[in-house]
Amino acid sequence: MAGKPSIKRMADLLKSGAVMLSHVCPNCKIPLFKLKTGETLCPSCGTRYYIVADSREETKALVTTTIERLERTIMTKLNTLNDMLGRSTDYNEEMQIVNSLIKWLEALERIERIKRYTKLS
Ligand SMILES: [Zn+2]
């Protein structure tokens, strides 16, 4: 018998944006939580679970998380470059920043294409 489920722990998980699932922990018989990080765990015993319908679903889930993370990283880069461009007073530096901006925007375009191709959006 695992430790009794902590209501506070479950409340904290929900507050942090975790989602309660319909699956239950086979040991504790209480609902599993899917964290914002994508991990699924039992709030009582802490066991991590991987709930996937099949390997195709698993691959799609992996592609989705990777693409979304990449998109966020690129957005951060674009923001930084935008700030740099605003501050710059040097033409050559500005052109370098613009070239970087174009490359990141192209990367975003490709991501959109990948999303369409894999029907993620
Ligand atoms: Zn458990």
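Here the structure is a predicted model, which means the values were calculated and not measured. (Residues numbered from 1 in each chain as written. Predicted model: local features only at pLDDT ≥ 70, side-chain atom pairs only at ≥ 80, totals over all residues. Heavy atoms only, no water.)

Undergrad: Explain the coordination of the zinc ion here, please?
TA: Each angle at a metal carrying four tetrahedral donors should ideally be 109.5 degrees, and each at a metal carrying six octahedral donors should ideally be 90 or 180 degrees. Coordination of the zinc ion by the protein comes from C25 (SG), C28 (SG), C42 (SG) and C45 (SG), over a distance range of 2.3 Å. One can describe the site at the zinc ion as tetrahedral: its four donor atoms subtend angles covering 104 to 114 degrees at the metal. In primary-sequence terms, the residues that donate to the zinc ion follow C-x2-C-x13-C-x2-C. Placement of C28 in the loop between β1 (19-24) and β2 (31-34) and of C45 in the loop between β3 (40-41) and β4 (48-49) is noted, with a sequence separation of 17 residues between them. According to the relative accessible area criterion, C28 is buried, its value standing at 15%. (Donors = N, O, S within 2.8 Å, 3.2 Å for Na, K, Ca; no water. Tetrahedral: all angles 85-135°; square planar, octahedral: opposite > 155°, others 65-115°. Helix = DSSP H or I, 4+ residues; strand = E, 2+ residues; numbered from the N terminus. Buried < 20%, exposed > 50% of the residue type's maximum accessible area, 1.4 Å probe, protein only.)

Undergrad: What is the right way to read the side chain of T40 from this model?
TA: With respect to the helices and strands, T40 occurs in strand β3. Judged by relative accessible area, which is 5%, T40 ranks as buried.

Undergrad: Just checking my understanding: could you explain the pattern of salt bridges for this structure?
TA: Close approach of charged atoms allows side chains with opposite charge to pair. By the definition in use, this model includes five salt bridges. Residues K115 and E112 are paired through a salt bridge, measuring 3.7 Å at the closest nitrogen-oxygen approach. Pair noted here: K115 and E112 are both in helix α3 (residues 91-117), with a separation of three residues, about one helical turn. Using a relative accessible area of 32% as the deciding quantity, one classes E112 as partly exposed. Among the charged side chains, a salt-bridge network with shared partners connects K8, D12 and K15. (Salt bridge = Lys/Arg side-chain N within 4 Å of Asp/Glu carboxyl O.)

Purely geometric stuff here, so don't read any function into it on its own.
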